[in-house]
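One-letter residues, chain by chain:
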Amino acid sequence: ANPSVYGQSYNSTINIDFWGEHFKSNDTGGIDMQTDAISALNELPYTAYTEQNVHGFDWKGGSSGWNYFYRNDIQQYYVDAELVERPVPITLNGTFNGTLLGRMIPEEPSYIILNIDLSTRWGWPYCDPNTCDCKCVDCSNPACTQCYSKFANGSYDYSYNHMQWLAELCGDLPAYYQIDWIRIWQLPGNKRVGCNPSDYPTEGWIES
């Protein structure tokens, strides 16, 4: 990865699951999605979970804008308008499926969501579906946290648990995500608060 874009301190890489990937709906008659979100994956040190940390996000909308993420004043991820405004060819199962047109870093009113998620799509260890029930993630079910290879004679190799990582993760739960403070700054002369600025009047749309 380009270190000027993704940074080196946290071995940051682009999250390919969210820029131009085709998500097929699991619902009958549902709508498939072609994602246009941007994000990165970071290898955080153990202190990220045991000590207080300061996370920051710098946002400038429009064609000259950028998104800049950092932790404790160290860059995690940076993307500028030139990158997201560039058309990108997309594929579906390896076959060209069209072009994801460029996007503009939004200038419209936005809000901030702070959360913590666990997902099989984000840094989840590989699971062999021929050996384990990879969709089973219930911490209270031993069938999910224990999985052993089977020998030709039908017995099991109990020397290695393929789902030991899940058992250890379950041992860390419940976990808590505590936020001490949130501060928001705006540039002098460019302060805007609310969901209905004059250049993006959205009140009517919201009410409808």
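Use the structure listed above.
In this text, all values refer to a predicted model and were calculated from it rather than measured experimentally.

Let's talk about helix α5 (residues 164-171)
Okay, step 1: Taken together, the buried positions of α5 are occupied by Trp165, Leu166 and Cys170. Along α5, the residues classed as buried sweep out an arc of 135° about the axis, all on the same side.
Okay, step 2: Those residues of α5 hidden inside the fold are in contact with α4 (142-145).

Remarks on the state of the cysteines
Okay, step 1: One pass over the structure, following the stated rule, counts four disulfides.
Okay, step 2: A disulfide bridge connects Cys132 with Cys147, and the sulfur atoms are separated by 2.0 Å. Residues Cys132 and Cys147 share a disulfide whose torsion about the S-S bond is about -95°; that sign makes it left-handed. Of the two residues, Cys132 is situated in the loop between β9 (95-100) and α4 and Cys147 in the loop between α4 and β10 (149-150); the sequence distance between them amounts to 15 residues. Comparing Cys132 with Cys147 shows no difference in burial state: the two are buried.
Okay, step 3: Each sulfur in the disulfide pair Cys136 and Cys144 lies 1.5 Å from the other.

Comments concerning the side chain of Asn67
Okay, step 1: Within the element layout of this structure, Asn67 appears in strand β6 (residues 66-71).
Okay, step 2: For Asn67, a relative accessible area of 6% puts it in the buried group.
Okay, step 3: The contact partners of Asn67, leaving out residues within four places of it in the chain, are Ile38, Phe57, Asp58, Trp59, Tyr77, Tyr78, Val79 and Ile105.

Quick word on the pairing of strand β7 (residues 74-80)
Okay, step 1: Of the pairings in the sheet, the one linking β6 to β7 comprises six bridges and is antiparallel in character. Bridging from a neighbouring strand, Phe69 pairs with Tyr77 of β7.

Re the side chain of Asn53
Okay, step 1: Summarising the element assignment, Asn53 is placed in the loop between α2 (47-50) and β5 (55-60).
Okay, step 2: Residue class for Asn53 comes out buried when judged on its relative accessible area of 16%.
Okay, step 3: Within the local environment of Asn53, its side chain forms a polar contact with the backbone oxygen of Thr47, the two atoms lying 3.4 Å apart.
Okay, step 4: Within the structure, Asn53 has its side chain in polar contact with the backbone oxygen of Ala48 (distance 3.3 Å).
Okay, step 5: Non-local contacts of Asn53, meaning those with residues more than four positions away in its chain, are made with Thr47, Ala48, Arg71 and Asn72.

Considerations on a nonpolar patch on the surface
Okay, step 1: Where nonpolar side chains cluster on the molecular surface, the patch consists of Ile112, Leu114, Ile116, Tyr177, Ile179, Ile182 and Ile184 and spans about 750 Å² of accessible area.
Okay, step 2: The residue Ile179 is located in the loop between α5 and α6 (203-207) in this model.

Regarding the sheet that holds β6
Okay, step 1: The strand order across the open sheet built from three strands is β5-β6-β7, with neighbouring strands paired in antiparallel fashion. The sheet is open, and its two edges are formed by β5 and β7, each paired on a single side. Across this sheet, the average inter-strand angle for adjacent strands is 10°, counted without regard to direction.

Re the environment of Thr120
Okay, step 1: Within the secondary structure, Thr120 is located in the loop between β9 and α4.
Okay, step 2: For Thr120, a relative accessible area of 49% gives the class partly exposed.

What counts and how
- The residue count restarts for each chain, going from 1 along the sequence in the order it is written.
- It should be noted that, the model being predicted, local features are given only for residues of pLDDT at least 70 and side-chain atom pairs only at 80 or more, the latter also being counted only at that level, while totals for whole chains, interfaces and linings use all residues.
- Side-chain metrics rest on all non-hydrogen atoms present in the structure, leaving aside hydrogens and water.
- Note on exposure labels: buried denotes an accessible area under 20% of the residue type's maximum, exposed denotes more than 50%, and partly exposed covers the range between, all computed with a 1.4 Å probe on protein chains only.
- Runs of H or I in DSSP of at least four residues are treated as helices and runs of E of at least two as strands, each being numbered from the N terminus.
- By arc we mean the arc of the directions from the helix axis to the C-beta atoms, nothing more.
- Note on definitions: a residue-residue contact is assigned when non-hydrogen atoms from the two residues lie within 4.5 Å.
- When two cysteine sulfur atoms lie within 2.5 Å, the pair is treated as a disulfide.
- Here, any two strands with at least 2 DSSP bridges between them count as paired.
- Throughout this description, a polar contact denotes any pair of N or O atoms lying within 3.5 Å of each other; where both atoms belong to protein, one of them has to be capable of donating a hydrogen while the other can accept it, and for residues adjacent in sequence the pair is counted only when both atoms sit in side chains.
- Here, patches come from residues exposed beyond 30% relative accessible area and free of salt bridges, joined within 9 Å for like charges and within 5 Å for nonpolar side chains (Val, Leu, Ile, Met, Phe, Trp, Tyr).
- All accessible-area figures derive from a Shrake-Rupley calculation using a 1.4 Å probe, and residue coverage is judged against the displayed protein chains alone.
- One side-chain nitrogen of Lys or Arg within 4 Å of one carboxyl oxygen of Asp or Glu is enough to make a salt bridge.
- Lines fitted to C-alpha atoms define the axes, with helix axes restricted to the stretch in contact, and inter-axis angles between N-to-C directions lie between 0 and 180 degrees.

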